[in-house]
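Tertiary structure, described
As a plain string of letters, each chain reads:
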Amino acid sequence: MQYTTLGHSGIEVSRLCLGGMSFGEASPDFHQWTIDADGTREVIRRALDSGINFIDTANCYSFGTSEEYIGRALRELGIAREDVVLASKVYFNEGALSSAAIEREIEGTLKRLGTDYLDLYIIHRFDYDTPMEETMEALDRLVRAGKVRALGASAMYAYQLHNLQVIAEQNGWTKFTSMQCHYNLLYREDEREMIPVCRQYNMALTPYSPMASGHLCRPTWESSSVRGTTDTTMQNKYDRDRAIDLPVVERVAKVAADHGVPMAQVALAWHWARGVEAPIVGCSKPERVDDAVAALDVELTAEEVDFLEELYQPHNLVGPKGRPGEKALAGTTNVKLTR
């Protein structure tokens, strides 16, 4: 396993992060494709045995049961708390990022995970209804109280992240050390502004959906899996741009064939070629962990990276939340993205 530092926090993490959205009690009203407690334990066992020490989840994943299953797995496996880096999120809950909500939600997360501190606490989205100062001060209090070691942010507009960081600087509060953005070969909009802002503040990139919810793992668009046929969030994120994205998928298949590896490994290897610290991978079977770890051995040439990126076309923004009642933008400027 390879390791890196989580931004300016000094926390050492594996170059792969195990995502917790695949864990938890399946629900017909939410995720029907999650795995049970025993399955979660075996996936986590394989990840830890492979050297992965970084696990990400959220208070809303499977209505909190993702956190419960992860905590239970770590206890049953006898893992020392200091040997794992645990991250969770707050926002999709009553009160969003208000001070009262943050103070309440961290206690629930810690209880479900069975720990007295988080290594990384991430704001899941930007909260338009709570003053930024209130949110940043509440998060800083958690760090000062020892309940959280470092802070992270997730999908939002770059100017929002910048403003939050400025407020933290001005008040001597803890700044964000990582960004969990939507980033993969089919969606690269954050290269325009978000990633430069992250680098300005020495933040690590821990993208979600590095394989575009499976679209970069197979040459065909559709999947007959439970997730492929029931995950409407995935469909809403990607199906609209199928026509302009399929040519990119075809190029991933070509590079994978040239290397003699699965397409998923090329999709992951592209992130490291781009300087990403730790893409988040969801694994429903221990074997999926093996496949992800093997991607660390795939080295793409500069020519292959250019080949994979050449056909990209601008996309509507997917991830950041607009202001309540605000009409979404119809598209983005046709600007060539560069490394």
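Residues numbered from 1 in each chain as written. Predicted model: local features only at pLDDT ≥ 70, side-chain atom pairs only at ≥ 80, totals over all residues. Heavy atoms only, no water.

Counted according to the given criterion, the structure contains 22 salt bridges. The salt bridge partner of Arg104 is Glu105, with a shortest N-O separation of 3.0 Å. For Arg104, a relative accessible area of 36% puts it in the partly exposed group. Using a relative accessible area of 13% as the deciding quantity, one classes Glu105 as buried. As a salt-bridge pair, Glu107 and Lys147 come within 2.4 Å of each other at their nearest N and O atoms. Note that Glu107 is positioned in helix α3 (residues 99-113) and Lys147 in the loop between α4 (132-144) and β7 (148-154), a separation of 40 residues in sequence. With a relative accessible area of 36%, Glu107 lands in the partly exposed category. (Salt bridge = Lys/Arg side-chain N within 4 Å of Asp/Glu carboxyl O. Buried < 20%, exposed > 50% of the residue type's maximum accessible area, 1.4 Å probe, protein only. Helix = DSSP H or I, 4+ residues; strand = E, 2+ residues; numbered from the N terminus.)

With that settled, consider the side chain of Arg41. Here Arg41 shows up in helix α1 (residues 37-49). Residue classification places Arg41 among the buried residues on the basis of a relative accessible area of 18%. Once residues lying within four places of it in the same chain are set aside, the contact partners of Arg41 are Ala73, Glu76 and Leu77. (Contact = heavy atoms within 4.5 Å.)

Residues Tyr121, Leu161, Phe176 and Met179 are the most contacted members of the largest nonpolar core, which totals 84 residues. Looking at this core, the element that brings in the most residues is helix α10 (residues 263-273), giving 8 residues. Among the nonpolar cores identified, the runner-up in size contains 13 residues, and Ala87, Ala150, Ala204 and Ala278 belong to it. (Core = buried A, V, L, I, M, F, W, Y, C linked by side-chain atoms within 4.5 Å.)

Okay, the packing of α1 against helix α11 (residues 286-294) next. Their axes nearest at 8 Å, the elements α1 and α11 cross at an angle of 30 degrees. Taken together, the axes of α1 and α11 lie roughly parallel to each other. Relative to α11, α1 is oriented so that their crossing is right-handed. Residue-level contacts link Glu42, Val43, Arg46 and Ala47 of α1 to Pro286, Glu287, Val289 and Asp290 of α11. Here the residues of the contact of α1 with α11 are counted per class, giving 4 nonpolar, no polar and 4 charged. (Axes fitted to C-alpha atoms, helices over the stretch in contact; angles between N-to-C directions. Parallel < 35°, antiparallel > 145°, perpendicular 65-115°, else oblique. Left-handed = near helix turned anticlockwise from the far one by under 90°. Nonpolar A, V, L, I, M, F, W, Y, C, P; charged D, E, K, R; others polar.)

This part takes up the side chain of Thr177. Relative to the helices and strands, Thr177 is located in strand β8 (residues 176-180). By relative accessible area, Thr177 is classed as buried at 1%. When neighbours within four sequence positions are excluded, Thr177 is seen to be in contact with Leu6, Gly7, His8, Ser9, Leu120, Ala150, Leu151, Asn202, Met203 and Ala204.

Time to look at unusual backbone geometry. One non-glycine residue, Ser62, lies in positive phi territory at about 50 degrees. Relative to the assigned elements, Ser62 resides in the loop between β4 (54-56) and α2 (65-76). Not every positive phi belongs to a glycine, and Ser209 is a case in point at roughly 55 degrees. Tracing the backbone through its elements, the reader meets Ser209 in the loop between β9 (204-205) and α7 (226-230).

Looking now at the sheet that holds β8. Strand pairs in the sheet, formed through backbone hydrogen bonds, run parallel or antiparallel to each other. Taken in spatial order, the 8 strands line up as β9-β8-β7-β6-β5-β4-β3-β10 in an open sheet, and their pairing is parallel. The outermost strands of the open sheet, each flanked by one partner alone, are β9 and β10 (280-282). (Pairing = 2+ DSSP bridges.)

Here the focus is the confidence of the model for the protein chain. The predicted coordinates ought not to be read in detail in places where the model reports low pLDDT. Summary statistics for the protein chain give a mean pLDDT of 91 and a share of 91% for residues scoring 70 or more. Note on residues 329-339: pLDDT is under 50 here. Beyond four places in sequence and across chains, it has 25 contacts. (pLDDT = per-residue confidence, 0-100.)

Take the environment of Leu97 next. Within the secondary structure, Leu97 sits in the loop between β5 (85-90) and α3. Separated by 38 residues in the primary sequence, Leu97 and Thr135 have C-alpha atoms spaced 5.8 Å apart. Not counting the four nearest positions on each side in its chain, Leu97 is found in contact with Val90, Tyr91, Ile102, Ile123, Arg125, Asp127, Thr130 and Thr135.

With that out of the way, let us pick up the environment of Ala253. Within the secondary structure, Ala253 sits in helix α9 (residues 242-259). Here Ala253 falls in the partly exposed class, since its relative accessible area comes to 22%. Ala253 sits 37 residues away from Leu216 along the chain, and the two C-alpha atoms are 8.3 Å apart.

On to the environment of Ser62. A relative accessible area of 2% means that Ser62 is categorised as buried. Separated by 37 residues in sequence, Ser62 and Glu25 have C-alpha atoms that sit 5.9 Å apart. A distance of 3.4 Å separates a polar atom in the side chain of Ser62 from the backbone oxygen of Phe23. (Polar contact = N/O pair within 3.5 Å; in protein donor to acceptor, adjacent residues only side chain to side chain.)

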